[in-house]
Amino acid sequence: MEKILNFSEPFVTAEQISYTHNYQVDQKSIIINIDLDPIEIEELELPALKSVICANTMIEKVTNMIVITVANEEYLGMNPLIDREIIKNSWSHIYDLFNKSHLQHTPLWRSEKERIGRLELNLWYAPAGTHCGLHNMHDFQEVHTQIFGIGRMQKFRENNIDTLYQEVYMSPGYTHEPLYNIRGKYPWHQYYADTDCIWLAIEQHPA
């Protein structure tokens, strides 16, 4: 089965591919495994909620994965091609979503969401230099996959950017390790955009 996800745009296409054999990946694409079992891609075993960039590749057996392709290969560099007018006119601003005063002037937008079983997926966009907002509360667990640009996932000891103690650089095609601990507790954390960035949030909601 092939399904175009509802946050696809002319500059970034997202598809769910499920229960398929001999799936051909021609164009350079980000593959994200959203099944519990690994996917075999050439000599690689791709675990659950991990990602890789592929091209000219046949995947013999697919249970459930996301394939993201972009309008051109500039997404691998520092100046990605992003249609900001589409984003600002049709995506939701962070303040409209969460109505918190400190987010009112944060240049951060979210696409529509797509629900796949227990997962909810959506894209985020932030221009270069954006602090996307410290927080430590979620009613779900999530990871992020970088689509365009270079950013960072950052951890803090307190609700203060001066208490940074760890960060992970995000480049296109990379999915970070979970930020929460074995009890599902999050530290204070945020996404920071070094360049103009788009990333995919993969939320795991309770059954």
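Residues numbered from 1 in each chain as written. Predicted model: local features only at pLDDT ≥ 70, side-chain atom pairs only at ≥ 80, totals over all residues. Heavy atoms only, no water.

### Considering the nonpolar core
Ile-68, Ile-147, Ile-198 and Leu-200 are the most contacted members of the largest nonpolar core, which has 27 residues in total. Elements represented by at least two residues in this core include exactly β2 (12–25), β3 (29–33), β7 (57–70), β11 (119–126), β12 (141–148) and β16 (197–204). Take this core: its biggest share by element is four residues, from β11. Counting 16 residues, the second-largest nonpolar core is a separate cluster that includes Leu-103, Cys-132, Trp-199 and Ala-201. (Core = buried A, V, L, I, M, F, W, Y, C linked by side-chain atoms within 4.5 Å. Buried < 20%, exposed > 50% of the residue type's maximum accessible area, 1.4 Å probe, protein only. Helix = DSSP H or I, 4+ residues; strand = E, 2+ residues; numbered from the N terminus.)

### Topic: the pairing of β12
Within β12, seven of the eight residues are buried, which leaves the element mostly enclosed by the surrounding structure. Direction of pairing for β12 relative to β16: antiparallel, over a ladder of seven bridges. Pairing of His-144 across the sheet is with Ala-201, part of β16. (Pairing = 2+ DSSP bridges.)

### Focus: the sheet that holds strand β6 (residues 51–54)
The strand order β1-β2-β7-β3-β6 describes an open sheet built from five strands, whose pairing is antiparallel. Single-partner strands in this sheet number two, and they are β1 (2–4) and β6. Within this sheet the neighbouring strands show an average axis-to-axis angle of 25 degrees, counted without direction. The pairing of β3 with β7 spans four bridges and is classified as antiparallel. Note that in β7 the partner of Ile-32 across the bridge is Ile-66. (Axes fitted to C-alpha atoms, helices over the stretch in contact; angles between N-to-C directions.)

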